[in-house]
Every structure is written in structure tokens, then in C-alpha cells.
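# Structure at a glance
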Amino acid sequence: MKKNVLLYSGLFLLICACYIGIGHPSDTTMLVIGMLVTAFAWGAFSLAYLQNPTMFVLGCGVILRIGYMLYTPLSVRTHDLGQVSLEGRGHAAYLLQIIKNNQLPQAVNGQFYQQPLFYLCAGLISKVINSLRHMGDNPEVLVDTAKVFTTFCSVMVMFVAKQIGETLGLEKKTRVLALTYVAFMPSFFITCGVIGPDAFATLWISLTLLYLIRWNQQPGYRETALLALCFGCGVMTKISCALLAPLTVVVVAVKFWKVGEKKARLRIACQTAMFAVIALPLGLWKCLRDLIVYDKKIMYVPNAISDLSTAGESVFARVIGFNFQMPFRSSNPYADVWNDYNAPSYYLKSALFGEFKFQVPFFIPVLLTFVTVVLSVCLVASVIRIIWKKDQGALIYGGAFAIAILSAYSFYLKMPFGCSMDYRYMNFITIPAGILLGKYCTEGRFGKVAAVMMYSFAVLSSMMYVVVGIF
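What counts as what
- For every chain, the first residue of the written sequence is number 1, and numbering continues from 1 onward in sequence order.
- For this predicted model, a pLDDT threshold of at least 70 governs which residues receive local features, and a threshold of 80 or more governs which side-chain atom pairs are given and counted, while totals over whole chains, interfaces and linings are taken from all residues.
- To obtain the side-chain values, all non-hydrogen atoms of the structure were included, while hydrogens and water were left out.
- Patches here are clusters of residues that have more than 30% relative accessible area and form no salt bridge, with a 9 Å joining cutoff for like charges and a 5 Å cutoff for nonpolar side chains (Val, Leu, Ile, Met, Phe, Trp, Tyr).
- With residues, only the protein chains shown are counted as cover, and all accessible areas are computed by Shrake-Rupley using a 1.4 Å probe.
- By convention in these notes, a salt bridge is any Lys or Arg side-chain nitrogen within 4 Å of a carboxyl oxygen on Asp or Glu.
- Numbering goes from the N terminus for both helices and strands, where a helix is a DSSP run of H or I of at least four residues and a strand is a run of E of at least two.
- Classification of residues uses two cut-offs on accessible area relative to the type maximum, computed with a 1.4 Å probe and protein chains only: under 20% is buried, over 50% is exposed, and between them is partly exposed.
- Only centres within 6.5 Å qualify two rings of Phe, Tyr or Trp (six-membered ring in Trp) as a pair; their planes then separate them into stacked at under 30 degrees, edge-to-face at over 60, and tilted for everything else.

On the surface, a cluster of nonpolar side chains totalling about 570 Å² of accessible area is made up of Leu 288, Leu 291, Ile 292, Val 293, Ile 298 and Met 299. The topology assignment puts Ile 292 in helix α13 (residues 262-294).

Encoded structure:
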């Protein structure tokens, strides 16, 4: 435990040091070269001396995330940032209300409806860092510094994914392949340059899955308290962090049924009550405040602008069909929030490129898209395989994958807008998907092909976002 605390504290200080020491250098090429040299050195050391491919994968993931954060200015590739002042209604104004006025926004319009935990944590970190830098009055600097926190959250997701693989007892090769998918998923890079709660929310859902697995293996009061904290703090970050609530109910019900003895069942009932006492107040206090003060529903989410609506398309075209046309033109690999309406293809494109377009040689995104399509087919094959084999060990991570998919489709059906399909809302699915792909690479019929595609995915993803930094 102490070793982990030291490691995570060191990673946070590393991110802070990179942000403060490097910032946004004018010679981005030198920064990228430095990233590549560091990545090579880390990889050579871990593989040649420690014989630890996990360290190599984690190291590359850390470097790519920090690098993206450093070369991406505040207003580039962002979502709902809004005016960077107290008069705005976006994420920036929410942060500034906390940093400058030490209070939550006194309204629920714009992005002010969001749960507060991300803004409280990011605001505190920004305030401390900028007080040390003596830059406490510049609104743009205050908001930009929040990227330190989003980058740390994105990095931590990798380490939680590593712990999930170890807790499940997966084979080493399977764990490395699963971690590779998480470490090199471009959507996690993009969240490092975005001011918003998505990276923090993904971290909480990932921790929820970890502690749900641990509770299932050894149901105790400590595990229950940690699981409840993850749920409560997750919902205090974003309502969608309640994603795994149905799976948790199923796991608890199955455990309750299997234990048989009255004392054991009473203990589980007490743990359930303890869970509710911790999680519900933590997660719902802001919702109840907004309901009482502003008469806003607990699940309130504002509609997007009408120009983004996809309601005119059929349900089949929106959520079931898939456009297999290969992207041979430079604009095709990228998601188009104004015109796209097919969820599966949009999920794939936004996972790789967000809702943005990049000035890079077009063969890189084309090849990355092709490789990801092949991996998606392998993912479907892996799901079919575990269902066919009735793999009991896949109950939790398979269930998490299924719930995440159903939740994404449900959200899109309820909110039929182009922006509702953005993969950033479902970043968590990368972890169970990575496990399923890792299992298929080591046990599936075409596992060697899938493994080659996984390594190609890592190489092309790295190439794409190093080139983005150069250009």
C-alpha cells in the first residue's frame, strides 16, 4: 500500500513538474523528440534489465499522456469550455467560481448543472500550483492548470486497469495485452488536454469495478466501505458514474443467495445498509440541493443545440447498422458531429480522434482506423466465445462491458444528438474491452492475428499523436 502511495504521488509530482517546467514550449519538435528519447530509454531499461513489458506499456502511456497535455493549448480540442471568465457558463467559469470565489456556481444553466467534485479537486490543485508560481490572477492560467489533474486521472486509469487484471488472476500475457489497449487508447490522451470531468469520472468507474471484483472475492466491511466511497465520489463527479449499479445489485444478490448461512446473509445485509449510508449522501447531495433550490430534476441534462439532432434518422440507421466503407479520403476517418448519426462508427472514430480533425499524413489515421475495426471484430468474437463457453470468470468484466454498451446506446436514444455519441462518455468501456481482447489474443482461434493488431494499434496510436505534436 505504501509503495503504491509513493508511486502515485511521484507520478502526480512528475506531471506537475512537467507542466511547470516545460509548459508550452515554442519548439514543439524538440519536446516530441524528448518524449521519444524518454520512451525509448524507459522501454529499453524495462525490457532489457527488468524484463517487465508492463513497465514499458505503462511508461509509454504516461509519456504520451503528459506529452499531449503539454503540446495542447487550453482552447484547442476542448468541449464546452465557454468564456474563460466568471461571466461564462462553461467548465472554465465553473472552475473560476471555485478558485476565485470559493463557492459553487449560484445557478444550474450551462455547465453549472454538473456535479462538483472534479471542479473542487481541480480548482484546489490549480490554486496551490499557481500560488507557488505567483500566477494566481490570470484566469486562463488558472483554468489551464486544471489539465494537470485531468492528466493525472488519465494516467491513474492505466494503473487501476493493471490492478483489475491482477485481481482477476489473468495470465501475464493477457494482462499486458489488456493494458496495452488501455494505455494506447487515444481517447485517454485527448482527455488530458480537456477541461472537464470525463477523465475523473472514468477513474471512479474503474475503481468501482476494481472494488466490486475485490468485494465479490472477499466480501468484508472494508471492501464495502471502499466500494461505497467509489460510488459516492463517482456520482459526485458525474451522475453517469452510477453505471455499474445494476451489476453491483446482481453481484450482491448472487453472493447473498450462494452463502446460504443466516449469519453470512445477515452480514451481507448489514454491508448493503452500510453501503447505502455512505454512497447515497455523498453522491446525491448536490442533486438534492439543485432540486430544492432550483427545481431541477435529479437526472437533469440540458439538450444540445437542435442542429446536432439525429432524430430524423431511423433507429436502425442510428444504433444498429454500421458503415463499413473504408476511409480513403483524408476527412473520412474523423467524426463529424454535425452530420454523422451512426453510433457504432462514431464510437470508433471518436475513440481514436475525438470530435476533431488533425493535420497529419492521412495514411496514419486510415491505418489506425483499419486496425481498430479489426480489433472490434475480435472483440465481438471474444464476447461470443465467453457466452458460448459459459465462462463464469467473465461474469463481472463481461457484465461491465455489456452494461456500458447498453448505457451508451440508451443515452443516445434518449438524447439523439451527434455529440451524444462521443466516446469520451464511455471511456471506461476500454478496460473490460481490453480484458476481452487480451483473453481472445491468448485463447481465441485467431489470437495471433488479434495480438499483431493490438501491437499495431499501439504503434499507430503513438505515431498519430507524436505527429500531431510535431505538426
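Now, onward.
Attention shifts here to the pattern of salt bridges. Tallying each qualifying case throughout the model produces 10 salt bridges. Its salt-bridge partner being Lys 162, residue Glu 166 comes within 2.9 Å of it at the nearest N-O pair. On the criterion of helical spacing, the pair formed by Glu 166 and Lys 162 is a turn pair, its members being 4 residues apart in helix α7 (residues 147-167). Here Glu 166 falls in the partly exposed class, since its relative accessible area comes to 38%. Note that Glu 443 is salt-bridged to Lys 439, the shortest N-O span being 3.4 Å. One end of the pair, Glu 443, and the other, Lys 439, are both in helix α18 (residues 430-443), 4 residues apart, so they sit about a helical turn from each other. Glu 443 sits in the partly exposed class, given a relative accessible area of 35%.

Turning to the packing of aromatic side chains, a few remarks are in order. Per the stated rule, a full pass over the model turns up 18 aromatic pairs. Consider the rings of Tyr 8 and Phe 159, whose centres lie 5.8 Å apart with planes at 70°: the pair is edge-to-face. One end of the pair, Tyr 8, is in helix α1 (residues 2-22); the other, Phe 159, is in helix α7, and 151 residues separate them in sequence. Aromatic pair Phe 149 and Phe 200: ring centres 4.8 Å apart, planes at 70°, arrangement edge-to-face. Highlighted residues: Phe 149 in helix α7 and Phe 200 in helix α10 (residues 198-217), separated in sequence by 51 residues. For the pair formed by Phe 149 and Phe 200, the shared burial category is buried. Three or more aromatic residues link up through ring pairs in this structure, and these residues are Tyr 68, Tyr 71, Phe 189, Tyr 334, Phe 353, Phe 358 and Tyr 465.

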